[in-house]
Amino acid sequence: MPFSSDSDAAFDWDRIRKETFVRQTEFHATVDSTNSVALEGCETADLETPRLVLAGEQTAGRGRGANAWWSAPGALTFSLVIHPAHLGLTPQQWPMSSLTTGLAVCLALEETLSRDDVRLKWPNDVLVRGRKICGVLVEVGPRPTETLVIGIGVNINNSVRNAPDELRSTATAMIDETGIAVNRFEFLCRILRALELQITRLSSHDTSLAADWQSRCALIGRTVEVDTGSRRTTGVCQGIDEDGALAVLTESGPERLFGGVVTMINDE
Ligand code: BTN
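Here the structure is a predicted model, which means the values were calculated and not measured. (Residues numbered from 1 in each chain as written. Predicted model: local features only at pLDDT ≥ 70, side-chain atom pairs only at ≥ 80, totals over all residues. Heavy atoms only, no water.)

Undergrad: Let's hear about the overall build of the protein chain: which residues, and what values?
TA: When helices and strands are counted, the protein chain shows seven helices and 12 strands. Here the protein chain has a C-alpha radius of gyration of 18 Å; the compact-globule value for 268 residues is 18 Å, and the two agree. Viewed in the frame of its principal axes, the protein chain has a C-alpha envelope of about 55 × 45 × 30 Å. Expressed as a percentage of the 268 residues in the protein chain, the buried residues total 55%. (Helix = DSSP H or I, 4+ residues; strand = E, 2+ residues; numbered from the N terminus. Rg over C-alpha atoms; globule rule 2.2 N^0.38 Å. Buried < 20%, exposed > 50% of the residue type's maximum accessible area, 1.4 Å probe, protein only.)

See below:
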């Protein structure tokens, strides 16, 4: 089956299963949200993980909170269902899966783009030259399945020139960065290979993982406001620590934040 109606690659399921850690695949030419489909599939009896749910196009892509995810044709939008325990991840490490996924996407992008241009915006975005190119949405599967759904959206051949007004100045796509169409299938394989490696680093408590988050942290030195839902914290970001927390120096001292929506106050 072709990857999508504007296919730039024959989608090779066998290769995915041979060359990556994915064990099951599911393709939808059009679907509301791959995360929603993946969550529904967590309880199926024949579930083998990691399970890849890929969409040619999403009609109701979801972002964090009430945000929507712009998923025009040419984008790469997929979800992975994993059993974290099968990959050696403890429940304490589940919250770090978002950053770990973001790092995997950074590494995939860095195979084409300059490393200096690629940044991780804690806790779940990837930026290129300050513009958002990828969002990650991790959701916990229904009890008692002990599954996680890792949703990844990357703007690839969906140029932001055709995006809604509010995204045109804040988002970017691979095609906007390189000027040429990118093979999404190859890019998907890159992400999956990188993700397997980064999850292995996380599960084996690799102490250099945090250094890789830190060296790509888009927020270091910036004044940030972090809204955790119940509280707003303002201060200068010191980076990301080994527990995946955002370190912020506030007027009343250092704080570590484990989740929230970040706004950069001193945007140039
Ligand atoms: C965010 O930036 O807030 C997260 C965006 C996550 C988007 C991806 S696209 C594939 C998967 N399916 C969804 O509905 N959302 C995620």
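Undergrad: Quick rundown of the nonpolar core? Include the residues and the values.
TA: With 64 residues, the main nonpolar core has Leu 109 and Phe 187 as its most contacted residues. No other element matches the 10 residues that helix α6 (residues 184-203) contributes to this core. With residues near it in sequence (within four places) discarded, Leu 109 still touches Val 118, Val 126, Val 128, Ile 133, Met 174 and Phe 187. (Core = buried A, V, L, I, M, F, W, Y, C linked by side-chain atoms within 4.5 Å. Contact = heavy atoms within 4.5 Å.)

Undergrad: Please set out the packing of helix α3 (residues 97-110) against α6 residue by residue, giving values where relevant.
TA: Where α3 meets α6, the closest approach of the two axes is 8 Å, and the angle between their N-to-C directions is 135 degrees. Between α3 and α6, the crossing angle belongs to the class labelled oblique. The element α3 and its partner α6 pack so that their crossing is right-handed. In this structure, α3 contributes Ser 97, Thr 100, Thr 101, Leu 103, Ala 104, Val 105, Leu 107, Ala 108 and Leu 109 to the contact, and α6 contributes Phe 187, Arg 190, Ile 191, Ala 194, Leu 195, Gln 198, Ile 199, Arg 201 and Leu 202. (Axes fitted to C-alpha atoms, helices over the stretch in contact; angles between N-to-C directions. Parallel < 35°, antiparallel > 145°, perpendicular 65-115°, else oblique. Left-handed = near helix turned anticlockwise from the far one by under 90°.)

Undergrad: How would you summarise the site of the ligand if you had to cite specific residues and measurements?
TA: Around the ligand sit 21 residues, and of these Ser 33, Gln 58, Arg 62, Arg 64 and Lys 132 come closest. Gln 58 places a polar side-chain atom, nitrogen or oxygen, 2.9 Å from a nitrogen atom of the ligand. Between an oxygen atom of the ligand and a main-chain N or O atom of Arg 64, the distance comes to 2.8 Å. Compared with its free state, where it exposes 410 Å², the ligand has 98% of that area covered by protein. Sorting the residues of the shell around the ligand by element identifies α2 (34-40), β3 (76-82), β6 (131-140) and β7 (148-154) as the ones contributing at least two each. With four residues, the top contributor of residues to the shell around the ligand is β6. For the shell around the ligand, the residue count by class is five nonpolar, 12 polar and four charged. (Near = heavy atom within 4 Å. Polar contact = N/O pair within 3.5 Å; in protein donor to acceptor, adjacent residues only side chain to side chain. Areas by Shrake-Rupley, 256 points an atom, 1.4 Å probe, with all protein chains shown as cover. Nonpolar A, V, L, I, M, F, W, Y, C, P; charged D, E, K, R; others polar.)

Undergrad: For unusual backbone geometry, give the residues involved together with the corresponding values.
TA: Note that the residue after Thr 49, namely Pro 50, is joined by a cis bond; omega there is -5 degrees. Of note, the amide linkage connecting Trp 122 to Pro 123 takes the cis form, showing an omega dihedral of 0 degrees. Note that Pro 123 resides in the loop between β4 (118-121) and β5 (125-128). We note that Glu 146 has phi near 55 degrees; this positive angle belongs to a residue other than glycine.

Undergrad: Please provide a residue-by-residue account of the sheet that holds β6, values included.
TA: Taken in spatial order, the seven strands make up an open sheet running β1-β2-β3-β7-β6-β5-β4, and their pairing is mixed. Either end of the sheet is taken by a strand with one partner, and the two such strands are β1 (24-31) and β4. Along the sheet, successive strands turn relative to each other by an average axial angle of 20 degrees, direction set aside. Direction of pairing for β6 relative to β7: antiparallel, over a ladder of seven bridges. Residue Val 136 lies in a different strand from β7, and its bridge partner there is Ile 152. Lying over the sheet, α3 contacts β4, β5, β6 and β7, oriented at roughly 170 degrees with respect to β4. Contacts from α6 reach β2 (51-58), β3 and β7, with the element oriented near 30 degrees to β3. (Pairing = 2+ DSSP bridges.)

Undergrad: So, the pairing of strand β12 (residues 261-264): which residues are in play, and what are the values?
TA: With burial as the criterion, only one face of β12 is covered, namely that bearing Val 262 and Met 264; the residues Val 261 and Thr 263 on the opposite face remain uncovered. Sheet analysis places strand β8 (residues 223-227) next to β12, joined by four bridges and oriented antiparallel. Within the sheet, the bridge partner assigned to Asp 227 lies in β12 and is Val 261.

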